[in-house]
Amino acid sequence: MFIVFSLGVVFIAVFVYYVYSIQFSSRGLPPGPNMWPFGLGVLPSALIRKPVFNISKLRPWEYFDLWYKDYGELYSVQAGNFYSVVVASHEIMTELANAEEYSIKVSHELFTYPRTFNKELGLIFVSNPEIWVEMRKFTQRTLREFGFGKRHTMQSAIEAEVQQLLQEFQERIESSDRKGVVSIRTIFVLSVLNVLWCMVAGKRYDRNDPTLVEMMERNFSMTKSTTFIEPVQAIAPGLKKSFPWLVGEDMRLKVFQECHEFTRSLIEERKQEGLYLTEPQSYLDVFLRKIYENKENSKSIYDEEQLQSMLADLLQTGSTTTNGTLNYGLLFLTLNPEVQRKCQEEIDRVVPQHLIPSVEDIERMPYFQAFILETHRCACVVPNPIPRLVPKDWNYRGYKIPKGTFIISNHYSVHMSKQYWGDPEVFRPERFINEKGEFVPDKRVVHFGYGKRICIGISLVNSVVPIFLSSLLQKFNFSVVPGTKPPSTEPEIGVSLSPSEFSVLAEKR
Ligand code: HEM
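Residues numbered from 1 in each chain as written. Predicted model: local features only at pLDDT ≥ 70, side-chain atom pairs only at ≥ 80, totals over all residues.

Undergrad: For the site of the ligand, give the residues involved together with the corresponding values.
TA: The full set close to the ligand counts 26 residues, and Gly318, Pro385, Gly449, Cys455 and Gly457 are the nearest of them. Of all elements in the fold, only helix 13 (304-335) and helix 19 (458-475) reach the threshold of two or more residues within the shell around the ligand. A per-element tally of the shell around the ligand places helix 13 first, with seven residues. Grouping the constituent residues of the shell around the ligand by class yields 15 nonpolar, eight polar and three charged. (Near = placed C-beta within 6 Å. Helix = DSSP H or I, 4+ residues; strand = E, 2+ residues; numbered from the N terminus. Nonpolar A, V, L, I, M, F, W, Y, C, P; charged D, E, K, R; others polar.)

Undergrad: Would you mind going over the packing of helix 14 (residues 337-350) against helix 16 (residues 366-379) in detail, with residue names and values included?
TA: Two numbers describe how helix 14 lies on helix 16: the axes approach to 8 Å, and their chain directions differ by 135°. What the angle tells us is that helix 14 and helix 16 run oblique. The chirality of how helix 14 crosses helix 16 is left-handed. For the pair helix 14 and helix 16, contact is made by Val339, Lys342, Cys343, Glu346 and Ile347 and by Tyr367, Phe368 and Phe371, respectively. The class makeup of the residues in the contact of helix 14 with helix 16 is six nonpolar, no polar and two charged. (Axes fitted to C-alpha atoms, helices over the stretch in contact; angles between N-to-C directions. Parallel < 35°, antiparallel > 145°, perpendicular 65-115°, else oblique. Left-handed = near helix turned anticlockwise from the far one by under 90°. Contact = placed C-beta atoms within 7 Å.)

Undergrad: Any chance you could break down the sheet that holds strand 7 (residues 406-409) for me, citing the residues and the numbers?
TA: Overall, mixed pairing links the four strands, which are arranged 1-2-7-4 in an open sheet. Strand pairing shows two members of the sheet lacking a second neighbour, strand 1 (74-79) and strand 4 (388-389), which therefore form its edges. (Pairing = 2+ DSSP bridges.)

Undergrad: Tell me about unusual backbone geometry, and name the residues and values.
TA: Backbone geometry at Asn118 places phi at a positive 55°, although glycine is not the residue there. Within the element layout of this structure, Asn118 appears in the loop between helix 4 (90-96) and helix 5 (129-145). Phi at Arg397 is positive, roughly 50°, even though this residue is not glycine. Secondary-structure assignment places Arg397 in the loop between strand 5 (394-396) and strand 6 (399-401). Note on Arg397: 10 C-beta atoms within 10 Å, which makes it exposed. (Buried ≥ 20, exposed ≤ 12 C-beta atoms within 10 Å, placed from the backbone.)

Now the structure itself:
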């Protein structure tokens, strides 16, 4: 009996020592929630802090925000073999924005390697500074050549899509079983893709193109099947190989395959057309010419796999984030009739009914601009950008952060700071209007990220989102479907967020 008791005491002492020794402070990292043994990391601490029954539905950004309240603006978390430092304040994110430690992204082997032919290709996940700088500059410069960010070209591309979109809403209103009820999930995806694609590939697609519609739907589901901070995969990365269906890996691989086929056929089409050398019509053509010009250079980063990866990056980032924002905009208008009324009043005052609003018109609508910014704040469609990887041992704010640690920024904490916003959970565009009735933007709405790796799609989003929404408001009123509960603003989980599918009553004005 005595022996069993002694062994029990020794076991508990060793266990307590072991648990203590794996805590963050013993490693020089900022403190954080308790770590548990066997690679479970902070997951049990998260479930104690706020229980959820289905961990695949766990929203990391919400836990990061709870822990911000417990541990402050810089703290550590761990899952599996991955140690991370979470940055939760606008001040630290601004300080780090251009630091070397914050420009190197986590190798995407963890997440989406097969997406880019098992190589470090494309732009979004690229860590190699030379490749990243070259690709970013080339992409921005070339897209601009074809009108990206130029008001006139963007406006005509957007106007073509607005016509189609209004027609689609009208058709859905008429064909719906319950008259006027329109279901919102991916209704904007093709319109956004078309605006982008006329500069990227020099073409637009029919809204009813079955192959494309199906691919975009699947692509959308793929972005909903994981997050950049997926606890289950971090703890047990082997699941991906052994039980791909359990973590959605088989579906992701299928989408990558389809996307490869789609980009391949686009490239073949343009090569056969043969104009890319003499009269390039789009980003794709200029890229093909670049490949041709560098064909003798074995060190060139321009090849067809890189082109396919760039097309996939633009296709996959641009359309789902913007679609999510538009869905949220429509949802907030539906849930806040007074906001909708004020926006419509302003739009009617500035733009004649028969004209499609332009960016210049939007600039003369302070309340509507405030509504758009409040939509970005509350939607927070990218709550956590891709984690960064500390390239060498790093002394920061008195902590020793070892090489290989991840840095995770929690944009959600910036958008939802009670201290700063006062009532962050309330949808209130007025917070961006001053006493003179002018629109006053706020740097703490950080939906496009910070510093060197800030989003490159800003000018497209800043035209497409307000023009699509104001055009819809010119023609329709949106309200909660009578006899139903107001739709939820809870996001559908994913690498970028959008509301879960919802229905609105759309009535012609
Ligand atoms: C509302 C819509 C959008 C939002 C909220 C958004 C947000 C973001 C955020 C937060 C980042 C990451 C910054 C970081 O890692 O620190 C990013 C990067 C990026 N975005 Fe967007 N984005 C949107 C639309 C677009 C569009 C339409 C395009 C297409 C041109 C695009 C292309 C990219 C690319 C290529 C990057 C990677 C930049 C780099 O790593 O250097 N985004 N975006």
